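Structure assessment
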Amino acid sequence: QRRTELQRQAKAVAMEAEKQLVEQKRIEAAKLAEDLRFVEQGRQAEAAAKQAEEHRLEREGIKDEERKLENNLSTKEKRRVEQGQQAKEATNQAVQLEEEVKRAKKE
């Protein structure tokens, strides 16, 4: 009977040890799962940051293009105004020359 009791106790100790081992493994697995979540969150954050940087660069590129186009338009507009001014001056000079020619013919 003492032997049976010792076997039962040994079996109970073995079962308790197995329970503790299973619990320890469960805790380790939970920690690993949490670490994996952090790693995945880190990857997602990194990807989001990279995407945000790409969008920023794209926006800056678009703004640069807009600036270039605006500068190009304003340069063309300035040229047009200058050419208009020159044409106006040339017309005024032509009118003055015609008037001088008419005066010279009268004299």
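This text goes with the structure placed above it.
Residues numbered from 1 in each chain as written. Predicted model: local features only at pLDDT ≥ 70, side-chain atom pairs only at ≥ 80, totals over all residues. Heavy atoms only, no water.

A few words on the overall build of the protein. Looking only at helices and strands, the protein has one helix and zero strands in total. Its C-alpha atoms give the protein a radius of gyration of 46 Å, more than 25% over the compact-globule value 13 Å for 107 residues. The principal-axis extents of the C-alpha atoms in the protein amount to approximately 155 × 5 × 5 Å. When each of the 107 residues of the protein is scored for burial, the buried share is 0%. If you sum the accessible surface of the protein, you get close to 10500 Å²; carbon and sulfur atoms cover 53% of it. (Helix = DSSP H or I, 4+ residues; strand = E, 2+ residues; numbered from the N terminus. Rg over C-alpha atoms; globule rule 2.2 N^0.38 Å. Buried < 20%, exposed > 50% of the residue type's maximum accessible area, 1.4 Å probe, protein only. Areas by Shrake-Rupley, 256 points an atom, 1.4 Å probe, with all protein chains shown as cover.)

All right, on to the environment of glutamine 85 then. For glutamine 85, the location among the structural elements is in helix α1 (residues 2-106). Residue classification places glutamine 85 among the partly exposed residues on the basis of a relative accessible area of 43%. It is 78 Å that separates the C-alpha atoms of glutamine 85 and leucine 32, two residues lying 53 residues apart in sequence.

This paragraph deals with the environment of leucine 6. With respect to the secondary-structure elements, leucine 6 resides in helix α1. Taking the relative accessible area as the measure of exposure, leucine 6 reaches 43% and is therefore partly exposed. When the C-alpha positions of leucine 6 and glutamine 20 are compared, they lie 21 Å apart, and in sequence the two are 14 residues distant.

In this section: the pattern of salt bridges. The final tally for this structure, using the stated rule, is nine salt bridges. Glutamate 5 is paired through a salt bridge with arginine 8; the nearest N and O atoms lie 2.7 Å apart. Of the two residues, glutamate 5 and arginine 8 both sit in helix α1, three residues apart, roughly one turn of that helix. In this structure arginine 8 comes out as partly exposed when scored by relative accessible area, which is 49%. When salt bridges that share partners are traced, they join Glu53, Arg56 and Glu60 into one network. (Salt bridge = Lys/Arg side-chain N within 4 Å of Asp/Glu carboxyl O.)

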